[in-house]
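Close look at the chain arrangement
What follows is the residue order along each chain.
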Amino acid sequence: AVHGVRHFRPGHGPKTYEYGTGGLAVALSAALGWSVARIGRADVGAADANYDSAHPLKAALVSAGLATPGSVLVDIHGMNDRFLPIELSVGLAQESPKSVDMALAFAASAERFDTTLDIGARTTGLTGRHHGSMTYWAQERGGMAVQLEVAAYMRRRAQNLYARLRLLRILKAACTDL
């Protein structure tokens, strides 16, 4: 989760954090027994890993052996509620066959939980296609990767515990099916 803290995007200055994305990444990794990579508060002021091809997070993933063919990356982002009724949007970056399969697993899981999902970010336009994006970067290394955009109301801590639990169930079911 690269947007769990405030960061800087080239040409745009500071970008506010996307609430709940870091915690969601940690919860999902714990539920699946997967590794998690996220930017911490100590890294505030760092560049945006989705725009910096030499970002330290990418170097750390390579060093840990987590950016290889066959690896799985779910790049969790926060999406504005202006896209409602779409609750989840899956960006496919280069639309590799493995990543399309992953998006289909997310779509099937979302349907089981009565959640609207924009597969391929066709409606939201949040595709992850930027060459520096984590999704594009992981796919370049042979990994299965998607950019998962989550509606704001599903990420709010105190206001909607049911939505957050439903979200975790959707993601866990989808990733278990991979």
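Predicted, not measured: the structure shown is a model, and the values here were computed from it. (Residues numbered from 1 in each chain as written. Predicted model: local features only at pLDDT ≥ 70, side-chain atom pairs only at ≥ 80, totals over all residues. Heavy atoms only, no water.)

Notes on the overall build of the chain
- Assigned secondary structure in the chain consists of six helices and six strands.
- For the chain, the α and β elements follow one another from N to C terminus as β-β-α-α-β-β-α-β-α-β-α-α.
- Of the contacts formed within the chain by residues at least 6 apart in sequence, a portion of 74% connects residues at least 24 apart.
- Carbon and sulfur atoms provide 54% of the accessible area of the chain, an area that totals close to 8,500 Å². (Helix = DSSP H or I, 4+ residues; strand = E, 2+ residues; numbered from the N terminus. Contact = heavy atoms within 4.5 Å. Areas by Shrake-Rupley, 256 points an atom, 1.4 Å probe, with all protein chains shown as cover.)

Points about helix α1 (residues 21-32)
- Taking 1.5 Å as the rise per residue, α1 with twelve residues should run 16 Å; its terminal C-alpha atoms sit 16 Å apart, in good agreement.
- Within the sequence span of α1, burial applies to T21, G22, L24, A25, L28, S29 and L32. Here the buried residues of α1 occupy an arc of 160 degrees about the axis, which is enough to place them on one side.
- On its buried face, α1 sits against β3 (72-79), β6 (144-151), α5 (152-155) and α6 (161-176).
- Following α1 by one or two positions, G33 adopts a phi angle in the positive range, close to 75 degrees. (Expected span 1.5 Å × (residues − 1). Buried < 20%, exposed > 50% of the residue type's maximum accessible area, 1.4 Å probe, protein only. Arc of directions from axis to C-beta.)

Looking at the sheet that holds strand β5 (residues 117-119)
- Here four strands make up an open sheet; going across it, the order is β3-β6-β4-β5 and the pairing mixed. Here the strands that pair on one side only, and so sit at the sheet edges, are β3 and β5. Each neighbouring strand pair of the sheet contributes to a mean axis angle of 20 degrees, computed without reference to strand direction.
- Here three bridges tie strand β4 (residues 88-91) to β5, and the two strands are oriented parallel to one another. By the bridge assignment for β5, L88 is matched with L117. (Pairing = 2+ DSSP bridges. Axes fitted to C-alpha atoms, helices over the stretch in contact; angles between N-to-C directions.)

So, the environment of T116
- Note that T116 resides in the loop between α3 (97-112) and β5.
- For T116, a relative accessible area of 33% translates into the label partly exposed.
- In this structure, the C-alpha to C-alpha distance between T116 and P85, residues 31 residues apart in sequence, is 6.8 Å.
- What T116 contacts, discounting residues up to four positions off in sequence, is P85, I86, E87 and L88.

Considerations on the pattern of salt bridges
- In the structure shown here, the tally under the stated rule is three salt bridges.
- Of the charged contacts in the structure, one is a salt bridge between E87 and R166, with a shortest N-O distance of 3.3 Å. With E87 in the loop between β3 and β4 and R166 in helix α6, this residue pair connects regions lying 79 residues apart in the sequence. Per residue, the accessibility class of E87 equals that of R166, and both read buried.
- Ionic pairing is found between E95 and R129, a salt bridge with its closest N-O pair at 2.6 Å. Remark: R129 occurs in the loop between β5 and α4 (134-140) and E95 occurs in the loop between β4 and α3; sequence separation between them is 34 residues.
- Since its relative accessible area comes to 42%, R129 is described here as partly exposed.
- Each of the salt bridges in this network shares a partner with another, and the network as a whole consists of E95, R122 and R129. (Salt bridge = Lys/Arg side-chain N within 4 Å of Asp/Glu carboxyl O.)

Concerning the side chain of T135
- When you line up the elements, T135 lands in helix α4.
- On the basis of relative accessibility, which here comes to 0%, the residue T135 falls in the buried class.
- A polar contact is formed between the side chain of T135 and the backbone nitrogen of Q147, at a distance of 3.4 Å.
- In this structure T135 touches L73, D75, G91, L92, A93, G128, A145, V146 and Q147, once residues within four positions along its chain are discounted. (Polar contact = N/O pair within 3.5 Å; in protein donor to acceptor, adjacent residues only side chain to side chain.)

Quick notes on the confidence of the model for the chain
- In the predicted model, the chain carries a mean pLDDT of 88, and 89% of its residues have values of at least 70.
- In the model of the chain, strand β1 (residues 7-9) stands out as the element of lowest mean pLDDT, 67, in contrast to β4, which has the highest, 97. (pLDDT = per-residue confidence, 0-100.)

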